[in-house]
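Overview (structure and organization)
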Amino acid sequence: MQYRRLGASGLKISEIGLGSWLTYGNSMEEKQSEAVVDKAYELGINFFDTANMYGRGAAERIMGKALSKYPRHSYVIATKVFHPMGDGPNDRGLSRKHIMEQCEASLRRMGVDYIDLYQCHGYDSNTPLEETLRALDDLITQGKIVYAGVSRWKAAQLADAVHTAEKYNLDRIISNQPQYSMFARGLEQEVLPLCERHGIGQVVFSPLAQGVLTGKYKPGMAPPEDSRAADPKSNMFMQSFIQEANLVKVEKMRPIAERNGLSMAQLALAWILRQDNVASCIIGASRPEQVEDNVKAAGVKLPAGDLEEIEAILNG
């Protein structure tokens, strides 16, 4: 495993991280989830990402329990706040009240004394940005969180966060968690350049485009019965990726993976890690073998010629 600094902070996280978005507390049994976490830890993954709204707290509970057997200092656990956790008017968003209450709830569910990276799981236009950043700053001062970050914020929102923190001398966010893959490149134009200037690192989700970039789905063929695409519980986010044109592009990239001795998943992850501002690719694995395959992308440097060929295929 290789490790990178997260933004301008001193925190080092594994180039491959393990997430729990559509798996823990949802489509996976608890013992299966624990086996995946154990394999990830064994292979050097130290970055584990979850959120309070995944399974309405179930993912945090399962992740915390699975990691509890390991020394607390040896892993970095990240969770999030923003989405509804109840039916009340204050049970959502980034108000001071909701942030403080949900931080305490996440700590209890995961069974930890502190959260390494606490992320705003969206942008709240109904709460003053200063209020949100002050709440995060206070949680850092209290020792309940170590670092603060955001997820899916636009470039202008990130810039506002940087300037507001500077104006009021608050702890700055160190990370952004966007979607990023060969088939989802929206952050490259504005978000990446801004984050590079201000020391905000990326921990990207869906790096394999919901599994489409693994090569398991073939053009003109129905998805395998045991795949995510065939499971109505977890395939709702795949529709924008699992298109015939994309499947054809994946097949065209297969020779590039083969001549580099890589699986298709490893090629897709290595392509993302070509970006220095990306600290970690968050994978979602349902089996330990998937983790074993994915971690081999760490440290891979793709030749310039292959990167050019990939770009031509993606733009074709």
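Our subject is the structure listed above.
Residues numbered from 1 in each chain as written. Predicted model: local features only at pLDDT ≥ 70, side-chain atom pairs only at ≥ 80, totals over all residues. Heavy atoms only, no water.

**Some thoughts on the pattern of salt bridges**
Between side chains of opposite charge, a pair can form as their charged atoms come close. Note the threshold: The term salt bridge refers to a side-chain nitrogen of Lys or Arg lying within 4 Å of a carboxyl oxygen of Asp or Glu. Only DSSP runs of H or I with at least four residues qualify as helices, and only runs of E with at least two residues qualify as strands; both kinds are numbered from the N terminus onward. The classification of residues rests on relative accessible area computed with a 1.4 Å probe and restricted to protein chains. Under 20% of the type maximum is buried, over 50% is exposed, and intermediate values are partly exposed.
By the definition in use, this model includes 22 salt bridges. Here Glu 34 and Lys 69 are joined by a salt bridge, their closest N and O atoms 2.8 Å apart. Separated by 35 residues along the polypeptide, Glu 34 in helix α1 (residues 30–42) and Lys 69 in the loop between α2 (58–67) and β5 (76–81) bring together distant segments of the chain. For Lys 69, a relative accessible area of 42% corresponds to the partly exposed category. One salt bridge connects Glu 130 with Arg 134, and the closest N-O pair in it is separated by 2.8 Å. Taken together, the residues Glu 130 and Arg 134, both in helix α4 (residues 129–142) and four residues apart, mark about one turn of the helix. Glu 130 sits in the partly exposed class, given a relative accessible area of 27%. Residue Arg 134 is classed as partly exposed on the basis of its relative accessible area of 34%.

**Re the pairing of strand β6 (residues 115–120)**
To be explicit about the condition: Two strands are said to pair when DSSP picks up at least two bridges between them. Place the viewer so that the strands point away; then a crossover is right-handed whenever the path from the first strand over the helix to the second strand goes clockwise.
Judged by how many residues are buried, β6 sits mostly within the fold: six of six residues are covered. Two strands pair when backbone bridges link them, and β5 and β6 are joined in this way by four bridges, in the parallel orientation. Within the sheet, the bridge partner assigned to Ala 78 lies in β6 and is Leu 117. Looking at chain direction, β6 and strand β7 (residues 145–151) are connected through five bridges and run parallel. Looking at β7, one finds that Ile 115 is bridged to Ile 145. The parallel pair β6 and β7, bridged by α4, forms a crossover whose chirality is right-handed.

**Description of empty space enclosed by the protein**
Put simply, the rule is: Both cavities and pockets are sets of points on a 1 Å grid over the protein atoms alone; in a cavity a 1.4 Å probe fits but cannot get out, in a pocket the set is open with protein on both sides within 12 Å along at least five of seven lines, and lining residues sit with an atom within 4 Å of a point. Grid points are joined across faces, edges and corners, and a volume is the space filled by probe spheres set on the points. Residue polarity follows a fixed list, in which Ala, Val, Leu, Ile, Met, Phe, Trp, Tyr, Cys and Pro are nonpolar, Asp, Glu, Lys and Arg are charged, and the others, Gly among them, are polar.
Tallied over the entire structure, the rule returns one cavity of 30 Å³ or more. The computed volume of the largest cavity comes to approximately 30 Å³. For the largest cavity, the full set of lining residues is Leu 94, Tyr 123, Asp 124, Thr 127, Leu 129, Thr 132 and Trp 153. Grouping the constituent residues of the lining of the largest cavity by class yields four nonpolar, two polar and one charged.

**A word on the packing of α1 against α2**
Here is the rule: Every axis corresponds to a line fitted to the C-alpha atoms, with the helix fit spanning only the stretch in contact, and the corresponding angles, defined between N-to-C directions, vary from 0 to 180 degrees. Angle categories are assigned with fixed cut-offs, so that under 35 degrees is roughly parallel, over 145 is roughly antiparallel, 65 to 115 is roughly perpendicular, and the rest are oblique. Crossing chirality is assigned from the near helix's rotation relative to the far helix, an anticlockwise turn below a right angle marking it left-handed and a clockwise turn marking it right-handed. Any two residues whose heavy atoms approach within 4.5 Å at even a single point are treated as in contact.
Here α1 crosses α2 at 50°, and the two axes come no closer than 9 Å. Regarding the angle of α1 to α2, the classification is oblique. Seen along the crossing, α1 lies across α2 with a hand that is right-handed. Taking contact as the criterion, the partners of Glu 30, Ser 33, Glu 34, Val 37 and Asp 38 in α1 are, on α2, Arg 61, Ile 62, Met 63, Lys 65, Ala 66 and Leu 67. Across the contact of α1 with α2, the residue classes break down as five nonpolar, one polar and five charged.

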